[in-house]
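Descriptive analysis of the structure
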Amino acid sequence: MNLFDFIKTRIPILNVIQDYTSLKKAGKYWKGRCPFHSEKTASFTVSPEREIFYCFGCHLSGDVISFVAKIENCNQLEAAKLLAEKHKIDIPEDIMGQAHSQNHEEKQKHFDACRHSADWFHESLKSSKIALSYLKKRGLDEGTINRYKIGYFPGDLGAIKKLIKHAQSNSILTKNLIEANILFEGKSILYSPFEERIIFPITDHLGRFCGFGGRIFKPNDERAKYYNSKENPSFTKGSLLFGLDLAKKEIQNKNALFLVEGYTDCVAMAQHGIQNVVATLGTSCTRDHLKLVSRYAEQLFIIYDGDNAGEAAVLRLTKLCWESNIDPKVIMLPRGEDPASFLEKGGDLLKLCSKSQDIFMFFLNTIGKGFTGLTLNKKLQTIREFIQVIGQLDDDLKKDILLQNASKVFEVPFDTLKKELDQILESPKQALHQAQEKSTSDHQEDDSLKKITNLEKQLFCAILDDNDLIQETDKEYIIAYMAQPLKGILEKLNPKGLNENNHNFKDLFNKLNNIEQKIVAQVLLETGRIEEAEGLNELILQFHKSNWKTIVNDIKILLSKANQDDTQYILQNFLKLKKKLLDKGLI
Ligand SMILES: [Zn+2]
């Protein structure tokens, strides 16, 4: 038994989740407000029977371990340990040891797959005139391209094969590339969303390659501008910063660092000689980011595009900084400029540094800017919002200094603000609510299920339920003609020739990787169960009918290749199926 099974058999998922949100029974499931995104309706669903959860709002899902990992912002191993501690369960030493070494091995495989892919992307860039000339046009020289190991994933037919070959010569299997989310399995081919993109490899602070950002660059490319690797235990956007490994030394030398919002900004700054720069991965700054940077330098400069300093974004960042006890300075670029364009025009960033404001004054000025023109209601709301942020500070003196400044900006007497603050502090519920407020910007919807029909989902669930009502032949055909990614999951769970009749859902679930688990949870909880034979049989026939043409074609090919024994078996099954469909008048 592995560590995760060990924990799961001892701690019911309901007990754990109910510590974070209150759940009410609704049929087989339990429902409540999602602890990961703010909502008024209850979209968060837990199946105690299956030991999984799924949120119909933000689409997070998984088992009890991934729930804790997500909500406590830690990896799965840490989550398992945390659960054991909290529920006072002793983990046998052999189970713990095995978990540690397995975790280590899996991570290493991921890093290796990413590193060798990065090598190949980088080499591919060097032989692509069009990609190189694009980067040159953007002002990047060879030194910068090499420093960040910028690459290119060509889109021609043989490219994926070449990548696989390169990986194989470095002991990386295709499976590893798929698990690292570099390649994806389509109906019959492998593909990659990174194809035809400039590739920015992302390393962690130790320089281990763990993911990629890909940018389109061809004029008629209409896909999203950026595509980032999907999250996994070794690649969490909320705790990684692009370029940190390369910038570390310079950050320590200068005891200062610049934080920007995108790869291109980061690379452009380094190109202009400012090397103590890092970027978030297309997401907003998190507590983990701030913690990470504060380990390397005392002074943090956050650069905001002239257009981008939305009040809400600044408010959010200010809160985070105060909670993390970090006092960054904010540099405002002239309107319409980003770091790259500003430097390109010969702008002097160091001069802007000397004019930077600390985040508190920046925040205060941002909300104070239009303050006098606001309606009375809006004014009250703004002041309260601001005071709530201050209420979270531990340091009383700091609170008073901030209130004093605020009193000038808002033109409200200090004592009035102070009274308001005291009132807020007396209301513990509100403070708690504030502290628990989470960002939902990282939750991206998985679109791999959009093309799956309802019929397919229902049959998928029926097979997972190990439904005795489905005959073996039907099952074989259903799995063979199911759409991906459901087909792959069923194949994993129903290996050919293995007739596990009494399988247990938890064991099956554990065979799957994170993404597959998410898919299973989502489909199961949104589809529900078919209990009676007649309805199910109807669905099965409908499914066969919809695939009939392909089945007939495939049978011809299969028979031409099969040996005598197989021929008989294949033919028998096929004729059985044909008769069933004929009897119902479906073909
Ligand atoms: Zn949610």
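Scroll up a little and you will see the structure.
The paragraphs below set out a description of the structure included in this document. In this text the structure is predicted, and so the values were computed from the model without any measurement.

**Description of the sheet that holds strand E11 (residues 226–228)**
Ordered by their spatial adjacency, four strands build an open sheet running E6-E9-E10-E11, and the pairing between neighbours is antiparallel. The strands lining the two open edges of the sheet, one partner per strand, are strand E6 (151–153) and E11. The mean inter-strand angle of the sheet, taken between neighbouring strand axes irrespective of direction, is 30°. In this sheet, E11 lies alongside strand E10 (residues 209–216) in antiparallel orientation, the contact comprising three bridges. Residue pairing for E11: Gly214 is matched across the bridge by Tyr227.

**With respect to the state of the cysteines**
Within this structure, the stated rule accounts for zero disulfides. Not engaged in a disulfide, the cysteine Cys114 finds its nearest cysteine sulfur in Cys210; these two sulfurs lie 6.7 Å apart. When its relative accessible area of 1% is taken as the criterion, Cys114 is described as buried. Cys353 takes part in no disulfide bond, and the closest cysteine sulfur to it belongs to Cys266, at a distance of 15 Å. Of the residues examined, Cys353 reaches a relative accessible area of 13% and is grouped as buried.

**Brief notes about helix H21 (residues 454–464)**
Most of H21 is tucked away: nine of the eleven residues are buried. The set of residues buried in H21 consists of Leu455, Glu456, Lys457, Leu459, Phe460, Cys461, Ala462, Ile463 and Leu464. Looking at the buried residues of H21, the elements they touch are helix H22 (472–481), helix H23 (486–493), helix H24 (505–510), helix H25 (514–527) and helix H26 (533–561).

**Here's the deal with the pairing of strand E4 (residues 52–55)**
A two-sided burial pattern is seen for E4, the buried positions comprising Ile52 and Tyr54 on one face and Phe53 and Cys55 on the other. The pairing of strand E3 (residues 44–47) with E4 spans four bridges and is antiparallel. Within E4, the residue paired with Ser47 across the bridge is Ile52. The hairpin formed by E3 and E4 contains four residues between the paired strands, and Glu51 there has a positive phi angle of roughly 65°. Linking E4 to strand E5 (residues 61–63), which pair antiparallel, is a turn of five residues; within it His59 sits at a positive phi near 65°.

Thresholds applied
Within every chain, residues take consecutive numbers counted from 1 along the sequence as written. The predicted nature of this model means local features are confined to residues of pLDDT at least 70 and side-chain atom pairs, given and counted, to a pLDDT of 80 or more, with totals for whole chains, interfaces and linings taken over all residues. The basis for every side-chain value is the complete set of non-hydrogen atoms in the structure, without hydrogens or water. Here the rule is simple: two strands pair whenever DSSP picks up at least two bridges between them. Labels follow the DSSP assignment, with helices taken as runs of H or I lasting at least four residues and strands as runs of E lasting at least two, numbered in each case from the N terminus. Helix axes are fitted to C-alpha atoms over the stretch in contact, other axes to C-alpha atoms as well, and angles between N-to-C directions run from 0 to 180 degrees. Cysteine sulfur atoms that come within 2.5 Å of each other are treated as a disulfide pair. Type-normalised accessible area, obtained with a 1.4 Å probe on protein chains alone, sets the label of each residue: buried when under 20%, exposed when over 50%, and partly exposed for intermediate values. Contact definition: two residues touch when any of their heavy atoms are within 4.5 Å.

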